[in-house]
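# Overview (structure and organization)
Letter by letter, the chains look like this.
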Amino acid sequence: RKTHMRKTVAVLSLTLVHASLSIGVLALAFSVGMTRFEHGQAPTLYERALEASVLVLYFPLEHLGDLVPKGWFPGLWGYLPVLLNSALWAAVIVRAGERLRAKAA
């Protein structure tokens, strides 16, 4: 029971961290891109790194986005897929940690 509670807290914590990071990095990448776009400059290494980070953080959500009809998640409901994606990442990370600890023991 104690282990189950610890796993639940770990998944919820990682979900919130991942979702916050995903939204923050996306906003930063958008901001940097728009600033560059206004001046007509080529993307910098920093901007390309941000874009790559967004692709990693939003995997597999970004690839599944085309399967969901537009309008399914209007307004603030648009954060639900991000939270689900982050929960998936968190569950996989916690499970991988369990397996690594079991292998080391």
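Above this text sits the structure in question.
A brief structural summary. Residue numbers run consecutively from 1 along every chain, following the written order of its sequence. A pLDDT threshold of at least 70 governs which residues receive local features in this predicted model, and a stricter bar of 80 or more applies before side-chain atom pairs are shown or counted, although totals over entire chains, interfaces and linings include all residues. Heavy atoms throughout the structure, all of them, feed into the side-chain values; hydrogens and water do not.

## Digging into helix 4 (residues 79–104)
Condition: Starting at the N terminus, helices and strands are each numbered in turn, a helix being any DSSP run of H or I of at least four residues and a strand any DSSP run of E of at least two. A helix is expected to reach a length of 1.5 Å times the quantity of its residues less one. The criterion used for residue contact is that any of the two residues' heavy atoms lie within 4.5 Å.
Between its first and last C-alpha atoms helix 4 spans 37 Å; for 26 residues at 1.5 Å apiece the expected length is 38 Å, and the two agree. Tucked into the core, helix 4 has its buried residues touching helix 1 (2–39), helix 2 (45–57) and helix 3 (61–64).

## Brief notes about a nonpolar patch on the surface
Put simply, the rule is: A patch consists of residues whose relative accessible area exceeds 30% and which take part in no salt bridge; residues with like charges are grouped when within 9 Å of each other, and nonpolar side chains (Val, Leu, Ile, Met, Phe, Trp, Tyr) when within 5 Å. For the area figures, the Shrake-Rupley method with a 1.4 Å probe applies, and any residue is considered shielded solely by the protein chains shown. A pairing counts as a salt bridge when a side-chain nitrogen of Lys or Arg comes within 4 Å of a carboxyl oxygen of Asp or Glu.
Where nonpolar side chains cluster on the molecular surface, the patch consists of Leu64, Leu67, Val68, Trp72, Phe73, Trp77, Leu80 and Leu84 and spans about 850 Å² of accessible area. Examined against the element boundaries, Trp77 turns out to sit in the loop between helix 3 and helix 4.

## As for helix 1
Counted only if it meets this: Exposure classes here rest on a 1.4 Å probe applied to the protein chains alone. A residue is buried below 20% of its type maximum, exposed above 50%, and partly exposed in between.
For helix 1, spanning 38 residues, the distance from its first C-alpha to its last is 56 Å, which sits close to the expected 56 Å at 1.5 Å a residue. Of the positions making up helix 1, those classed as buried are Thr15, His18, Ala19, Ser22, Val25, Ala29, Val32 and Gly33. Where helix 1 is buried, its residues touch helix 2 and helix 4. One or two steps after helix 1, the chain reaches Gly40, where phi turns positive at roughly 70°.

## Regarding the pattern of salt bridges
Pairing between side chains of opposite charge can happen when their charged atoms approach one another. In the structure shown here, the tally under the stated rule is three salt bridges. Here Lys7 and Glu98 are joined by a salt bridge, their closest N and O atoms 3.1 Å apart. One end of the pair, Lys7, is in helix 1; the other, Glu98, is in helix 4, with 91 residues separating them in the sequence. In this structure, Arg36 and Glu47 form a salt bridge, with 2.6 Å as the shortest nitrogen-oxygen distance. One end of the pair, Arg36, is in helix 1; the other, Glu47, is in helix 2, and eleven residues separate them in sequence. Connected via shared salt-bridge partners are Lys7, Arg95 and Glu98.

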